[in-house]
Amino acid sequence: MEQPCVNVLWMYPDSLHLHGDRGNLMALQRVGALLGISVRIRRLERPGQTLPLDWADLLLFCSGELRVMPALLTGLRPQRAELAGFAAQRGRVLAIGSAGTLLARETRRLPPHASFEGLGLLDMVCTERGSVYGDDLWFRLLEEDPLELYGSQIQIVDTALGPGQAPLGEVLYGRGNDGAGAEGARREGLIFTNALGPLLVKNPRFAQRLLARVLADKGTPPMQVPADAAHGMEDAAFALFKRFTVGKEAEMARDGVKKPV
Amino acid sequence: MQRLRFLAALWAGKLAALAIRLLARGRGTNLPGSLALKIDPLFLQHLRGTDPARTVFVTGTNGKSTTTNLLAHMFERAGYRLAVNRQGANLTPGIATSLIAHTSPFGRVRADLILMEADERFLPITAGQLRPGHLCVTNLQKDQVQRNGAPDIIYDKLRQVIRRDTVLYLNNEEPSAGSLRALAERTVTFGVEQNDKSFQKPGPLTTTVPCPFCSQPIRFDVYNVDNVGPFCCTGCGYASSPRPDCLVADVDYENGRFSVDGDPYPFGYATPYFLYCYSAAVAIARAFGLPPAVIASACADFVNIGGRFERFALGDKTVQYIRMKQENPETLQSAINHIAADPAPKIVVLGLGEIRDDYPYYTNTFYTYDCDFERLEASEVTRYLCFSDTVCYDSAIRLRYAGVPEERICIVPSNDGREVLRALDRQQGSNVYLITLLRVFEELVAAAKGLAGAAEG
């Protein structure tokens, strides 16, 4: 039987690589191997290149500097309809960190920079913060099987969801989109999250779920399900994270420090 | 009134400095300046005898302290009286503290040259009060993302400070710093020629940086240090110059020599990272007219403060410590490259921890995925030891992604120095490399002394 495969299009890897994001690709390959899936990665190098959506199953946009986003959007806007159709019908798109500004309706920048319109594929507005907010992030997916995910968050923009826009999860610790309890956004095959880490390294079961759904979209189930032991080190890392995070606010209170917002 | 307030600030600062000297020597690199700035928030601006033409700031992500200290050594060798912040207190209060020490009781700076390492994030505040006529930018890279966010945020801060008449000293081979050349009329570029320790970054998951002008990918011909080397933008053609104004060439690591325009210079710190510091310092010293022989003499006996490389003994083991800055992939990559250059069998100890720079503390280790650990794994590492009570498993997972089998990784979920050293002592082999923060290294040295004392007792 032929090994099932998932084709991952790595979007603008040299422009969107702010926070060790290539680890997500490494994680997809590793988890793919555990599932008996071949994960094939193709790089889309340059803004303006045509998206090979006939080939791709999953598009991965990682975090980047805000200054590069307008140039990337110039290349993406003419392909907006195709990208929307891809996410609605047969593919998945994962945007991490500041890459959310590409999928948002608008990003409002601080002077002297010009604000810019995104693709509007997710109903959300991003607003550049006057100061960076860095912290841990721990949230629960709003799904039937509510997986808990975690990572770090370097918040350059806050994100406000529109009235009809579903979040990806609810925050258990951290800031999430804007400190109000919602984390990320999702619509059809589009997923946005603030979680860095790299996200898929820290959360291999989420990577597993993502790949399995891509395969289900294609009508092919994974060949095998990894044993929990395959994620033993990740589980141990998550346990230390929880202990640290739970104790953190108490430590700040003890040090007389008010949590920055 | 303003003058009186300034003098009150100055004297309060001087008294505080005196008290610290008497009571707590070695401390207080910020306190006198903090006090002065509290009394007179424009303290630096109100100093007399300052002159932008005789004020040099060294800023950037990496290499500020080394470049500043090397440059200070050169100028002092040439007979200059300097006001300099050698201890690396590079925020406005630290700079104020250094200047208080070199200011007369009536507020006149008594120095031929003000030479300051300046924090890049606070540069607009510092330079708003004390204008540097000369500004050196060593590089602009990812660093302390919890505070800095992204390099473009720092880039914007530097742009605010640079005037058309600022003389810029820019790293020719770092695309972001190099692009600042468009902002000033006079720019001196410095660089390093390809040498024995230059490298390529192979593999399908390699990334570079976006062009600061057009956001298209930058391609490096070769890397001298991570993300620094001769480059060209694949979009607009922006490129490093093949002939920067100061090019460190003919690098001979073995004999500790390089040349600039045919003049020979000795160097004691034989690593690629230091070469850019030498290059920047030579460029500035030459621009101020220092003779090559004086510069070379200073290069020969320069000793860096708070060195990046230290060692201590643990039983039959020699532990070589390599300093790194967390959330700074370039310093971690330089540490990895340094270890990988040793072909002998070795144990590598990785002591990454949670980030405790600002509240809230957090467990970021994602910067490790910007680094290539594969070359380390290819260099005869017999055993890895990852310790930390928060992120030891994250370190181990990063190694696993570089192809290290789990059974060769010893994980110690603790920050207790004795526990870490006992675990290290159980590993076979005597050649040990340690990558961690300076604070953790100092705790381990203290623990090693304690263990040695207990063994003797």
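Keep in mind that this is a model prediction, so the values were computed, not measured.

Next up on the list: the overall build of chain A. The helix and strand tally for chain A stands at 7 helices and 12 strands. For chain A, the C-alpha radius of gyration of 18 Å lies close to 18 Å, the compact-globule estimate for 261 residues. Each principal axis of the C-alpha distribution contributes one length, and for chain A these read about 60 × 45 × 35 Å. Here chain A, with 261 residues, has 49% of them falling under the buried criterion. Excluding contacts between residues fewer than 6 apart, the proportion of contacts in chain A whose partners are at least 24 apart in sequence is 71%.

Once that is clear, we can look at the interface of chain A and chain B. Chain A puts 44 residues into the contact, and the matching count from chain B is 37 residues. Taken together, the elements giving at least two residues each to the side of chain A that touches chain B come down to α1 (22-35), α2 (69-76), β7 (124-141), β8 (148-161) and α7 (232-254) of chain A. When residues of the side of chain A that touches chain B are assigned to their parent elements, the largest contribution, 9 residues, is made by α7 of chain A. Classifying every residue of the side of chain A that touches chain B by side-chain character gives 25 nonpolar, 8 polar and 11 charged.

Residues and elements named next belong to chain B. At a minimum axis distance of 8 Å, the contact between helix α1 (residues 2-23) and helix α2 (residues 31-39) shows a crossing angle of 160°. As judged from the angle between their axes, α1 and α2 are roughly antiparallel. Considering only the axes of α1 and α2, their crossing is right-handed. Facing α1, whose interface residues are R5, A8, A9, L10, A12, G13, A16, A17 and I20, α2 presents L31, P32, G33, L35, A36 and I39. Taken together, the residues of the contact of α1 with α2 break down into 12 nonpolar, 2 polar and 1 charged.

Turning our eyes to something else, we now look at the packing of helix α4 (residues 64-77) of chain B against helix α11 (residues 292-300) of chain B. Residues and elements named next belong to chain B. Between α4 and α11, the least distance of the axes is 9 Å, while the angle of their chain directions is 130°. Put simply, α4 runs oblique to α11. Crossing handedness for the pair α4 and α11: right-handed. Between α4 and α11, the contacting residues are H73, M74 and R77 on the first element and V294, I295, S297 and A298 on the second. Looking at the contact of α4 with α11 residue by residue, the classes come out as 4 nonpolar, 2 polar and 1 charged.

The next thing to look at is helix α10 (residues 272-287) of chain B. Since there are 3.6 residues in each turn of an α-helix, residues three or four apart along the chain are aligned in direction. Residues and elements named next belong to chain B. Counted at 1.5 Å a residue, the expected span for α10 with its 16 residues is 22 Å, and the 23 Å between its end C-alpha atoms agrees. When you tally the buried positions in α10, you get 15 out of 16 residues, the bulk of the element. One or two positions beyond α10, positive phi appears at G289, with a value near 85°.

Time to look at the environment of V6 of chain A. All names here are of chain A. With respect to the helices and strands, the residue V6 is situated in strand β1 (residues 5-11). Measuring from C-alpha to C-alpha, the distance between V6 and I37 comes to 7.1 Å, with 31 residues separating the pair along the chain. Setting aside anything within four residues of it in sequence, one finds V6 in contact with G32, I37, V39, D57, L58, L211, V214 and L215.

Residue and element names in this part refer to chain B. On the basis of which strands lie adjacent, the open sheet formed by 6 strands has the order β12-β13-β17-β14-β15-β16 and mixed pairing. Two strands close off the open sheet at either side, each with one partner strand: β12 (309-314) and β16 (409-412). Direction aside, neighbouring strands of the sheet carry axes that sit 20° apart on average. With 6 bridges connecting them, strand β13 (residues 317-323) and strand β17 (residues 431-436) associate as parallel partners. Each residue of the ladder has a partner; that of Y321, found in β17, is L434. This element, helix α12 (residues 329-340), spans β13, β14 (346-351) and β17 of the sheet and lies at about 145° to β13. Contacts from helix α14 (residues 392-401) reach β14, β15 (381-387) and β16, with the element oriented near 165° to β16.

This part is about the confidence of the model for chain B. If pLDDT is low for a region, its predicted coordinates should not be looked at in detail. Averaged over all residues, the pLDDT of chain B equals 94, while 98% of them reach at least 70. Here the predicted complex carries an ipTM of 0.97, next to a pTM of 0.94.

Our next topic: the domain arrangement of chain B. Note: interface size is frequently given as the accessible area lost on complex formation between the parts. All names here are of chain B. Segmentation of chain B into domains returns domain 1 (45-300) and domain 2 (309-456). Placing the centre of domain 1 and that of domain 2 at their C-alpha centroids yields a distance of 30 Å. Considering every element that reaches the side of domain 1 that touches domain 2, the biggest residue donor is helix α7 (residues 145-148), with 3 residues. Tallied by class, residues from the side of domain 1 that touches domain 2 come to 3 nonpolar, 6 polar and 5 charged.

Rules behind the numbers
Residues numbered from 1 in each chain as written. Chains lettered and ligands numbered in written order. Predicted model: local features only at pLDDT ≥ 70, side-chain atom pairs only at ≥ 80, totals over all residues. Helix = DSSP H or I, 4+ residues; strand = E, 2+ residues; numbered from the N terminus. Rg over C-alpha atoms; globule rule 2.2 N^0.38 Å. Buried ≥ 20, exposed ≤ 12 C-beta atoms within 10 Å, placed from the backbone. Contact = placed C-beta atoms within 7 Å. Nonpolar A, V, L, I, M, F, W, Y, C, P; charged D, E, K, R; others polar. Axes fitted to C-alpha atoms, helices over the stretch in contact; angles between N-to-C directions. Parallel < 35°, antiparallel > 145°, perpendicular 65-115°, else oblique. Left-handed = near helix turned anticlockwise from the far one by under 90°. Expected span 1.5 Å × (residues − 1). Pairing = 2+ DSSP bridges. pLDDT = per-residue confidence, 0-100. Domains from an automatic or database assignment.

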